[in-house]
Structure formats: structure tokens, C-alpha cells
Amino acid sequence: MSFVIFTDLDGTLLDHASYSYAPAKPALALLHKHDIPLILASSKTAFEIAPLRDELGFAHCPAIVENGAGLLPAHADPESLAGAQSDYQRIRTILDAMPADLRALFAGFGDWSVEEIAQNTGLPKDNAALAARRLFSEPGLFSGNAHQKQRFESYIEERGLKARQGGRYYTLSFGATKADQMRGILKQQSLAAPPVKSIALGDAANDIEMLETADFGVIISNPAGKPLPPLSGEDEGRIMRADNPGPTGWNEAILNHIGGPATA
Ligand SMILES: [Mg+2]
């Protein structure tokens, strides 16, 4: 049996307040010891995730970026994915060609300066500059009424785009989700090393489909966020809740679940 781990970052592997993963080091070492792939899956951009993936020592694994809108392949430098052919540039081209009255209803990261992104997101300026380097999706704010939103959405849908309203941003992409990317990666892994068992860890509503797609899901509590509602797999024991928040709960969950069989 081989394992693949999929994990959210903020509030899950990274502490909600300090962004530290230090308490998860024993479990990370166990994954390295047994050569278990760790797939980072986050709303962050490839440019934000790549340095962390390097630091954790998992550059040999793909990462799910921009909430599933795209994939940073194993060993890839995000710079190699940038350019006129990127999904992001295709999204911006569709926005640029839009009738002016519709276009005026949407302001995305690409319409803002790095200073404005920092103000809007609350990120420090250096981080905002990396969050601005998008490859697959355009988060922003929609300012119209329900009727205008309907017109805006039929316009973009005719061109293959989808809009998703998250907690803060209204995001345009070609529609792939964290769970879609996860299924693609699992298919590859199963071809390479069957049978493969997937474990997913996450703390928030945008992790639910990933938790439900995995063979085993771990809900990490986030004292700063809204608790997740009971998920269908919890009754069957396919999804459990970690005893501790953030990287401490992450560490315990991984050691409990793969400590036994992987070391046997
Ligand atoms: Mg999170």
C-alpha cells in the first residue's frame, strides 16, 4: 500500500497566525523517510507555493495552486508557466474584449497595483507581489446587481470561463477545482504505484470537496474560522476531526494514520 497526502496550507499545515509548520516536522520527516508524496493544495499562486514546496523538500511532487484552477508540475519553476499562453492571459483577453458596461462591473488583481492588492488582501507587500503573479485564475470584486451578474456570467460562460464566489473574492477561471486536480494526480500515482491510498487534510469550506474525494479525510480545526458542518464521511469514520488545530493536529493525524502501516 502506498500513500499520497493532499494538504491545505493556511490554518492546516501552516499555523493560522504565525504561518509556522514547525510542530508538523516529525510527520514531515516520516513522509520523507517513506518517500510518501505530499501535495500542497491551496488558493495561493504557484509563485507563492514554489518556495515553500522547496523548503519542505517536496519539489518532486506536483502542487495544486490557485484553488485548483491550475497545477504546478513536479520540479517546475513557475516562471516557465508564465507568458502569453497562460490561462491567466486568456482570462484577461476575454475581460479586455468585454463590452465596457459589463467590464466596469469587475475589478480583478490584474486591474490593481501591488499596493492595492496588499491593501485589499491584508498581505505584506512582498507577499502581495507573489499573489499578483497569477497563472490560472483572476480573483476580484463584482460590483453589479443580480441582473448584471447574470449578464456578466452568461458572457464569460459562453467563452469557457466560470465565476466562483468565495469568502472574499469573486474568482474567474476555466473551472477546475482542488478535487479535479486531486483526481488527476491520483490517477497518475495509481499507475506508478498501485494500490494508492489518499489522505486529505483541510480546515475550511473550500477544502470540503478535497476531504470528501480522499480515501481518508482529516478536518483540522481552525479556532479563527467557522467550524465545518458535519460531513457525510464522518459517520462512516472515513473523515475524522483532528484533536488539535493547525500543524499540531496535522502532525498527530499523519503520525496516527501512516505511522503504523508505513513503518511495518
Ligand atoms: Mg485553510
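- Per an unreviewed UniProt entry, the recorded name for the protein chain is Mannosyl-3-phosphoglycerate phosphatase, and the organism is Cohaesibacter marisflavi.

**A closer look at the packing of aromatic side chains**
Next, step 1: If you walk through the whole model with that rule in mind, you get seven aromatic pairs.
Next, step 2: Ring plane angle 55° and centroid distance 6.3 Å describe the contact between Phe 106 and Tyr 170, whose orientation is recorded as tilted. A residue pair is termed long-range when its members are at least 10 positions apart, and Phe 106 in strand β5 (residues 106–108) and Tyr 170 in strand β8 (residues 170–173) qualify at 64 residues. One exposure class covers both Phe 106 and Tyr 170, and it is buried.
Next, step 3: With a centroid separation of 5.5 Å and 90° between ring planes, the pair formed by Phe 109 and Tyr 169 is classed as edge-to-face. With Phe 109 in the loop between β5 and α5 (114–121) and Tyr 169 in the loop between β7 (162–165) and β8, the pair connects residues that are 60 residues apart, well separated along the chain.
Next, step 4: On the basis of relative accessible area, Phe 109 is assigned to the buried category, the value being 6%.

**Here's the deal with the coordination of the magnesium ion**
Next, step 1: Coordination of the magnesium ion by the protein involves Asp 8 (OD), Asp 10 (O) and Asp 203 (OD), with metal-donor separations of 2.2 Å.
Next, step 2: Ordering the donors of the magnesium ion by residue number gives the pattern D-x1-D-x192-D. You can see Asp 10 sitting in the loop between β1 (2–7) and α1 (25–33) and its partner Asp 203 sitting in the loop between β9 (196–202) and α9 (208–213), a full 193 residues away along the chain.
Next, step 3: A residue is classified by how much of its surface remains accessible, and Asp 203, at 9% relative accessible area, is buried.

**Some details on the pairing of β7**
Next, step 1: The pairing of β7 with β8 spans four bridges and is antiparallel. For Gln 165, the partnering residue across the bridge sits in β8 and is Tyr 170.
Next, step 2: Linking β7 to β8, which pair antiparallel, is a turn of four residues.

**Some words on the side chain of Ser 137**
Next, step 1: Relative to the helices and strands, Ser 137 resides in strand β6 (residues 137–142).
Next, step 2: By relative accessible area, which is 1% here, Ser 137 ends up buried.
Next, step 3: Among residues more than four places away in sequence, those in contact with Ser 137 are Glu 66, Ala 69, Tyr 88, Ile 91, Thr 171, Leu 172 and Ser 173.

**Remarks on the sheet that holds β1**
Next, step 1: The strand order across the open sheet formed by five strands is β2-β1-β9-β10-β11, and the pairing between neighbours is parallel. The sheet terminates laterally at β2 (38–40) and β11 (239–241), the two strands that pair on one side only. Here the strands of the sheet are splayed against their neighbours by 20° on average, with no regard to which way each runs.

**Some words on the sheet that holds β5**
Next, step 1: Spatial ordering of the open sheet is given by β5-β6-β8-β7, a layout of four strands whose pairing is antiparallel. Because the sheet does not close on itself, it has two edges, and the strands there are β5 and β7. Averaged over all pairs of adjacent strands, the angle between their axes in this sheet comes to 35°, without regard to strand direction.
Next, step 2: Sheet contacts for helix α3 (residues 87–96): β5, β6 and β8; angle to β6, the most-contacted strand, approximately 40°.

**A look at helix α2 (residues 46–56)**
Next, step 1: Most of α2 is tucked away, with eight of its 11 residues classed as buried.
Next, step 2: Within α2, burial applies to Ala 46, Phe 47, Glu 48, Ile 49, Ala 50, Leu 52, Arg 53 and Leu 56.
Next, step 3: Tucked inside the fold, the buried residues of α2 contact α1, β2, β3 (63–65), β4 (70–72) and α6 (125–131).
Next, step 4: At the exit of α2 stands Gly 57, carrying a positive phi of roughly 85°.

Conventions used here
- Residues numbered from 1 in each chain as written.
- Predicted model: local features only at pLDDT ≥ 70, side-chain atom pairs only at ≥ 80, totals over all residues.
- Heavy atoms only, no water.
- Phe/Tyr/Trp six-rings, centres within 6.5 Å; stacked < 30°, edge-to-face > 60°.
- Helix = DSSP H or I, 4+ residues; strand = E, 2+ residues; numbered from the N terminus.
- Buried < 20%, exposed > 50% of the residue type's maximum accessible area, 1.4 Å probe, protein only.
- Donors = N, O, S within 2.8 Å, 3.2 Å for Na, K, Ca; no water.
- Pairing = 2+ DSSP bridges.
- Contact = heavy atoms within 4.5 Å.
- Axes fitted to C-alpha atoms, helices over the stretch in contact; angles between N-to-C directions.

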